Amino acid sequence: MSSVSTGHLLERLSAYAEAAMRDALGIEAPNADVRAATNPRFGDYQINGVLPYAKSLKANPRQLAEKVVAALDTEGVCLAPEIAGPGFINLRLDPAWVAADVAARAFDPRLGVAPVATPQTIIVDFSSPNVAKRMHVGHLRSTAIGDAIVRTLKFLGHKVTGDNHVGDWGTQFGIILWAWKNHRDEAALERDAIGELERLYKLGQAAGKADPAVAEAARLELAKLQSGDPENTALWERFVVISRAEAEDVYRRLEVEFDSWNGESHYNDALPGIVDDLLARGLAVETQGAVGIFFDEPDLPDTPYLIRKSDGAYLYATTDIATIHERVDVLGAERIIYVVDVRQSDHFRQLFATCRKIGYGHVTFEHVGFGMMLGADGRPFKTRDGGTVLLESLLDEAEERILPLVQEKWPDASEEDQRKIAAKVGMGAVKYADLAQNLGTDYKFEWDKLLAADGNTGPYLQYTLVRTLSVVREYESRVGAPFAPERATVTLTTDEEKDLAYELVRLGDVVMRVGDSLRPHFLCEYAYNLARRFNAFYAKCPILKAEELLASRMTLTRATWQALEVALTCLNIPRVSRM
RNA sequence: GCGCCCGUAGCUCAGCUGGAUAGAGCGUCGGACUUCGAAUCCGCAGGCCGCAGGUUCGAAUCCUGCCGGGCGCACCA
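Throughout this document, residue positions are counted from 1 along each chain, in the order its sequence is written. Labels are handed out in written order, letters beginning with A for the chains and numbers beginning with 1 for the ligands. Residues qualify for local features only when their pLDDT is at least 70, as the model is predicted, and side-chain atom pairs are given and counted only at 80 or more; totals for whole chains, interfaces and linings, by contrast, use all residues. To obtain the side-chain values, all non-hydrogen atoms of the structure were used and water was disregarded.

## Considerations on the overall build of chain A
The following threshold applies: Helix numbering and strand numbering both begin at the N terminus, where a helix is a DSSP run of H or I of at least 4 residues and a strand a DSSP run of E of at least 2. When a residue's accessible area, from a 1.4 Å probe over protein chains only, is under 20% of the maximum for its type it is buried; when over 50% it is exposed; and in between it is partly exposed. Throughout, a contact is declared for two residues whenever any of their heavy atoms are within 4.5 Å. Computed by Shrake-Rupley with a 1.4 Å probe, the accessible areas treat only the displayed protein chains as cover when residues are assessed. Positive charge is attributed to Lys and Arg, negative charge to Asp and Glu, and no charge count is given to His or to the chain ends. In this description, the location of a charge corresponds to atom NZ of lysine, CZ of arginine, CG of aspartate or CD of glutamate.
Secondary structure summary: chain A contains 21 helices and 13 strands in total. Counting only C-alpha atoms and orienting by the principal axes, one finds that chain A spans roughly 80 × 70 × 40 Å. Buried positions account for 52% of the 579 residues belonging to chain A. Across chain A, contacts joining residues at least 24 apart in sequence account for 72% of those joining residues at least 6 apart. Carbon and sulfur atoms provide 50% of the accessible area of chain A, an area that totals close to 26000 Å². For chain A, the separation between the mean place of its 65 positive charges and that of its 83 negative charges on side chains is 4 Å.

As C-alpha cells, this is what we get:
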C-alpha cells in the first residue's frame, strides 16, 4: 500500500488490519471492524474484529489478537498497537504522522480527501413542491437535507443528479382549473400570482367538498387537460410557470440548485404502458375496478398498491414507477434516494417492493424519511393564528432576528452589507438546525437555540470560520505576504494542538460515512467538534505571537479553515468572511 | 384492529448499526479580554438509557411482552 494519504484514514487502517488478520489467522475476507476508539484511554482507533472470530476458530481471543498484532504493519501511521480487554486491539496514531499529514493537506481545497475509487450514478429526489402552492416550512427539511446529500455525494466523486420531482400534475389541477374558470381575479393575479393560485386552489377544494357537482366539474376539467385540450393545457402551462418562478425565488434565498426539474407531468406518456406491462406480467391485478399490486410480505400494508383508479386515472404510484424506469434505463441510476416526509414510508416500501418484482433488484433504493417540524410547545409549527408558516417568512424572521447582532458587532458596515450577512447567517442557522438533528423523528424548532452562537449551531460554525480567516488576514497584514504553502509544517506541542490535528485527519472518514448513511448530522457533529477544538486552541495557544511555532499554528489554522469550508460546502451552509 | 417510528441528564439532542467506565449543548453556579474577533474559552453539578424478561464473551443498541407518545393504513400526493 502506498503511504500517500487519501484522506480516508479509517479505510486505510481497515486495510492494514484486514491484511494482518488474513495473514495471521488465515481468514479469507476478514471484517476488522476498525472504528474510532470509544474512549481516549483505548487509543485513537480500535480493531474490534478479532473477537467475533474466536468462537469459529475455537481459540482464545487474546491469543488471536497477539498473532494479528505480530502481523500488523501500519506503515508508520500508528505507534505500537496494544491488546486490551478480551481481545481489542488499540491503535494510537503516531503524532508525527498526524502532524505531517495535516501539513501536507492544509492548503488542499479538499483537505486531501480523495474521491471514491468507484463512482456511482445516483439520483436524489428531493424538495418537490406542488404547483400552485407556496413553499412552507414542510418543504424545508426535504430541501435542506436533500441538497446536503447531493453535495456530499458529489464531493465524494459520485455522478449525482439532484432532481426536483415537482407535483405538477394530477387531481389538484382539475380543482384549480375549475376555480380559475369560475372565480378568478385577474387583478390579484397581476399583484401576487402565486397567492391567487393558492387562493383558487383552496376555494376549489372547499367547494368540491361541499358540492358533489363541483367535484364532478373539476374531474371533467382534469379529464380535458389529460386528453390534451388546448385551453386547459395552456392554462396548466401558465400555472406551472408562475409556480416555478415562485419556487426559484425561495431556492435562490436558500442557495439551492437542481440538476433537473423532471416533474410528474414529464412521465405522463409512459403511464398507460406501465400499467399494461404490469398487468401483462401478472404482477398487477384488477381489484374493485382499479388496478393494484398485492404483496405477501408481512411488514408491508395489506392494502394493494394502486396504480390505476377505477375511473381510469393514474396515481402517484404509477408516476413513481415510470420515473424509476427512466432513471434506471435511461440515466443508468445505480442508487436512487428519496428525501421525503417519513409519513410516506409505506408508499416507498411498496414502491421499492414493486421495483424488486419488476426486476430492479440491482438498484439500491433508499427513502430518507424525516419528521415534522414542531413549535417550541411541541405541537406542529404554525403561525400565531394557526396558519402554515411560509418558508419565505421563516427566512425573513431569521434575518430580522439576527440583524441587530450584526449591527452591534459590525457597526461600520453599510446597512446593505449588514443585511447581506444577516441573511446568510439567518438562513444558515435555519438550515443547520434542520441538518444537525438526526432524521426520523419530529424536531423542535426554537429560535433562540438555533440562532445562538453557542452550542451546535450554524452561527457558531460560521463564526469559527470567520476567526480562521481573520487570523490569516492578520498574518498577511503583519507579515506583508500571504501565508504560503511552502511554509506548511506542523509540530504538536500542547493538548489543544494535538486534539485539533487529530480531528482534522478524520474529515474524509466522516464525509464517507455521510455518503453511506445519508445522515448529514454526522457531518454537523464533526464540524461542531472541529470548531470547538479550534476555539479551544485559539484561546490557549497564541498563533501570530508564537515565534518558532508560528508556521505550525498558522498551518493548523489554515487546515481548519479548509476543513470547515469542505463541511459547510457539503452542508450548503453559507460561508461568510465577516459577521 | 394492522403496520412503522420513538421513550437516554431539568430542557433540546448525540451515541458510528453488538464493544470497554453512556456523551454534547442549553440552563444553574463559579472563573478568563492592556494580547490574533469574548457571537469565544475554562471549570463544577446533573443518569435504574420507559419497565420486565431473553439472546452472548459483551446490550442504550438485537428478540419477546408490557407501559407511554407520534405517524400511516384502496382509488390524494
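## Concerning the protein's contact with RNA strand B
Formally: Near is defined per residue: the residue qualifies when any heavy atom it owns lies within 4 Å of the molecule or strand. What qualifies as a polar contact is a pair of N or O atoms within 3.5 Å, subject to a donor-acceptor requirement within protein and to the restriction that residues adjacent in sequence count only when both atoms come from side chains. Here the nonpolar group is Ala, Val, Leu, Ile, Met, Phe, Trp, Tyr, Cys and Pro; Asp, Glu, Lys and Arg are the charged ones; every other residue, Gly included, is treated as polar.
As a matter of local geometry, RNA strand B sits amid 70 residues, with Lys309, Lys409, Ala453, Asp454 and Glu525 nearest to it. Backbone atoms, meaning sugar plus phosphate, form 62% of the atoms of RNA strand B positioned within 4 Å of the protein. A distance of 2.5 Å separates a sugar or linking oxygen of RNA strand B from a polar side-chain atom of Arg513. Of all the elements in the fold, those that place two or more residues in the surface near RNA strand B are strand E1 (34-36), strand E4 (88-91), helix H13 (345-358), helix H14 (391-409), strand E13 (443-444), helix H17 (458-479) and helix H20 (521-540). Per element, the largest residue contribution to the surface near RNA strand B is nine residues, and it comes from H20. Its residues assigned to classes, the surface near RNA strand B comprises 29 nonpolar, 17 polar and 24 charged.

## A closer look at the environment of Arg379
Along the polypeptide, Arg379 turns up in the loop between strand E12 (373-374) and H14. A relative accessible area of 55% places Arg379 in the exposed class. Considering only alpha carbons, one finds Arg379 and Tyr338, 41 residues apart in sequence, at a separation of 26 Å.

## Observations concerning the packing of helix H10 (residues 230-254) against H14
Note the threshold: What counts as an axis is a line fitted to C-alpha atoms, over the stretch in contact for a helix, and the angles between N-to-C directions run from 0 to 180 degrees. In these notes the angle categories are as follows: under 35 degrees is roughly parallel, over 145 is roughly antiparallel, 65 to 115 is roughly perpendicular, and the rest is oblique. Two helices crossing with the near one rotated counterclockwise from the far one by less than a right angle form a left-handed crossing, whereas a clockwise rotation gives a right-handed crossing.
Where H10 contacts H14, the two axes come as close as 10 Å, and the packing angle between them is 30°. Taken together, the axes of H10 and H14 lie roughly parallel to each other. Crossing angle aside, the handedness with which H10 passes H14 is left-handed. Of the residues in H14, those touching H10 at Glu246, Asp249, Val250, Arg253 and Leu254 are Leu391, Glu392, Leu395, Asp396 and Glu399. When the residues that make up the contact of H10 with H14 are grouped by side-chain class, the tally is four nonpolar, no polar and six charged.

## Remarks on the sheet that holds strand E9 (residues 305-308)
Pairing between sheet strands relies on hydrogen bonds along the backbone, with the strands arranged either parallel or antiparallel. Inclusion rule: Strands qualify as paired when DSSP identifies two bridges or more between them.
In spatial order, the strands read E7-E8-E9; together these three strands make up an open sheet with antiparallel pairing. The sheet terminates laterally at strand E7 (285-287) and E9, the two strands that pair on one side only. Ignoring which end each strand starts from, the neighbouring axes of this sheet average 50° apart. The sheet contact formed by E7 and strand E8 (residues 290-293) spans three bridges and is antiparallel. Along E8, the bridge assignment pairs Thr287 with Ala290.

## A short note on the sheet that holds E1
Sheet architecture is open: four strands sit in the order E1-E2-E4-E3, paired in antiparallel fashion. Each edge of the open sheet is held by one strand with a lone partner, namely E1 and strand E3 (82-84). Averaged over neighbouring strand pairs, the angle between their axes works out to 30° when direction is ignored. By the bridge criterion, three bridges tie E3 to E4 in an arrangement that is antiparallel. Its bridge partner lying in E4, Glu82 is registered against Asn90. Packed onto the sheet, helix H1 (residues 9-25) meets E1, strand E2 (45-47) and E4 and runs at close to 140° relative to E1. In the packing of helix H3 (residues 61-71) onto the sheet, contacts are made with E3 and E4, and the angle to E3 comes to roughly 165°.

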